[in-house]
Amino acid sequence: MFIFFYVRSLLQPLNWLMDGINRIRKGEVGVAVRKRGNDELGRLAEQFNAMTDEIRSHREHLEDMVAKRTEQLLEAKADLEKTNSNLVTTNRTLEEARRIMDLDMKMAVNVQLSFFLKRPPHSDEWDVSFAFMPMSGVAGDMYDFYTDPSGKLVGASLMDVSGHGIASGLITMIAKSVIFRNISRNPDLGLNRVIEMINDDLIMELNKVDNYLTGIVVRFKDNIVEYVNAGHPELLMKRAGTGRVDIVAPDDGLSYKGYFLGLEAMKMPFRQINFPMRKDDVILFFSDCLNESTNEAGEEYGIERVMDCFNKSSGSAGEVVHAMVNGLIDFTGSSKFNDDLTIIAIRRLV
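Everything numeric in this text was worked out from a predicted model, so none of it was measured.

A. Spatial organisation of the nonpolar core. With 49 residues, the main nonpolar core has Leu213, Val218, Tyr227, Leu235, Phe275, Phe285 and Ile346 as its most contacted residues. Top contributing element to this core by residue count: strand β3 (residues 153-161), with six residues. Not counting residues within four places of it along the chain, the set of residues in contact with Phe285 comprises Ala156, Ser157, Leu158, Ile216, Val218, Leu235, Thr342, Ile343, Ile344 and Ile346. Core analysis: the next-biggest nonpolar cluster, separate from the first, contains 25 residues, Val282, Val306, Met324 and Leu341 among them.

Below you can see the structure in the form of structure tokens.
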């Protein structure tokens, strides 16, 4: 019996250790085993307890880290939800702004188109046709035709405002009104002087904007055409007798193109050219989209191709304009251009 209790007392520390190990396996990291004496089993118990203390410390640290990380994630989630909410609100605001902008653009387009003639005035002396192809929405090109009190066609104009968008479109309407007023009120004044008066008015109207205009104005006095160019691409004429296309220019070879309209710094006198037109002669003028458009290779259409296409065209003014538009589309490979396109053809009928 003594031996039994002796053996039992020797094995008791081992039982404590085994019990501690089993409790740790079950997840009880706060376990501490009893220590009896400073023998090998006692020191093993100390090491066991030190190990469990370290495990408990690591676990508490890990739980603390998990708690903090969870808190950070919840804060991040809240921030993300707030950001998403703000984005939804911003998107709705942008969509509403886009809707209003589209409505404003449509209104601006309709207002501008209401200012422009949809077809040229009828004339027994002149066959007139035009193409007006805005790049998008409001155009920076302007065209107009002028009649005297009896309804007789007495002139035409084509202007190209620098820049694009609504600002340029608004300037076209200002310019249209200014040009119409001055031409209508001064039928007997030289066209070059009329253009100078137009320029004065435009400088006054546009003194706080950076846009300017180029353009061509022609006026008819029976079979004589008065012509002024304000920094614009050339006016072309095709003679019915020879079929030859030429740039309309003075015989003296001197400069005939004036400066831009609407700029005080470029205010200079304009030169007027007078030339006759006979039956079936045709004049052609256009915005710079026609001669400056490029194909896929980056090659510019150019004035020579414009003149060649004009030379090959025939028939009415409408057929000429149709041929010019198709020639440009064939060259560029697209009917969508990078600028507003306006073309005017006028053929003498008598």
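Moving on from the coordinates now.
B. Region of the structure containing the packing of helix α6 (residues 302-312) against helix α7 (residues 317-332). α7 packs onto α6 with a crossing angle of 135° between their chain directions and a minimal axis gap of 9 Å. As summarised for this structure, α6 and α7 are arranged oblique, according to the angle between their axes. Between α6 and α7 the crossing geometry is right-handed. Residues Arg305, Val306, Cys309 and Phe310 of α6 form the contact with α7, whose participating residues are Val320, Ala323, Met324, Gly327 and Phe331. Among the residues making up the contact of α6 with α7, the classes are represented as seven nonpolar, one polar and one charged.

C. Structural context of unusual backbone geometry. Backbone geometry at Asp222 places phi at a positive 60°, although glycine is not the residue there. Along the chain, the position of Asp222 falls in the loop between β4 (213-221) and β5 (224-230). At Asp280, a position not held by glycine, the phi torsion is positive, near 75°. Among the residues examined, Asp280 registers a relative accessible area of 29% and is labelled partly exposed.

D. Structural detail: the packing of helix α3 (residues 166-185) against helix α4 (residues 191-205). Direction vectors running N to C along α3 and α4 enclose 145°, while the axes themselves pass 9 Å from each other. α4 is crossed by α3, and the crossing has right-handed handedness. Contacts between α3 and α4 pair Ile174, Ala175, Val178, Ile179, Arg181, Asn182 and Ile183 from the former with Val194, Met197, Ile198, Asp201, Leu202 and Glu205 from the latter. Broken down by class, the residue content of the contact of α3 with α4 amounts to nine nonpolar, one polar and three charged.

E. Just the environment of Ala265, in detail. Here Ala265 is to be found in the loop between β8 (257-258) and β9 (273-276). Judged by its relative accessible area of 81%, Ala265 falls in the exposed class. Counting along the chain gives 62 residues from Ala265 to Ile203, while the straight-line C-alpha distance between them is 9.7 Å.

F. Structural view of α7. Its 16 residues place the ends of α7 23 Å apart at the C-alpha level, agreeing with the 22 Å of an ideal helix rising 1.5 Å per residue. Within α7, the full set of buried residues consists of Ala317, Val320, Val321, Met324, Val325, Gly327, Leu328, Phe331 and Thr332. Buried residues of α7 fall within an arc of 155° about the axis and therefore sit on the same side. Summarising the geometry of α7, the exposed residues directed more than 90 degrees from the buried face are His322 and Asp330.

G. Up close: the sheet that holds strand β10 (residues 282-286). Reading across the sheet, the five strands line up as β1-β11-β10-β6-β7 and stay open at both edges, with antiparallel pairing between neighbours. Two strands bound the open sheet, and with one partner strand each, they are β1 (126-133) and β7 (245-247). Taken over all neighbouring pairs, the strand axes of this sheet differ in orientation by 20° on average, direction set aside. Here three bridges tie strand β6 (residues 236-238) to β7, and the two strands are oriented antiparallel to one another. From the neighbouring strand, Leu236 faces β7, where its bridge partner is Ile247. Packing of α6 onto the sheet brings it into contact with β6, β7 and β10, and relative to β6 it is tilted by some 25°. The strands touched by α7 within the sheet are β1, β10 and β11 (341-348), with β1 carrying the most contacts at an inclination of about 30°.

H. Representation of α4 in the model. Relative to the 21 Å expected for 15 residues at 1.5 Å per residue, α4 spans 21 Å between its end C-alpha atoms, a close match to the ideal helical length. Along α4, the positions that sit buried rather than exposed are Leu191, Val194, Ile195, Glu196, Ile198, Asn199, Asp201, Leu202 and Ile203.

Calculation notes
Residues numbered from 1 in each chain as written. Predicted model: local features only at pLDDT ≥ 70, side-chain atom pairs only at ≥ 80, totals over all residues. Heavy atoms only, no water. Core = buried A, V, L, I, M, F, W, Y, C linked by side-chain atoms within 4.5 Å. Buried < 20%, exposed > 50% of the residue type's maximum accessible area, 1.4 Å probe, protein only. Helix = DSSP H or I, 4+ residues; strand = E, 2+ residues; numbered from the N terminus. Contact = heavy atoms within 4.5 Å. Axes fitted to C-alpha atoms, helices over the stretch in contact; angles between N-to-C directions. Parallel < 35°, antiparallel > 145°, perpendicular 65-115°, else oblique. Left-handed = near helix turned anticlockwise from the far one by under 90°. Nonpolar A, V, L, I, M, F, W, Y, C, P; charged D, E, K, R; others polar. Expected span 1.5 Å × (residues − 1). Arc of directions from axis to C-beta. Pairing = 2+ DSSP bridges.

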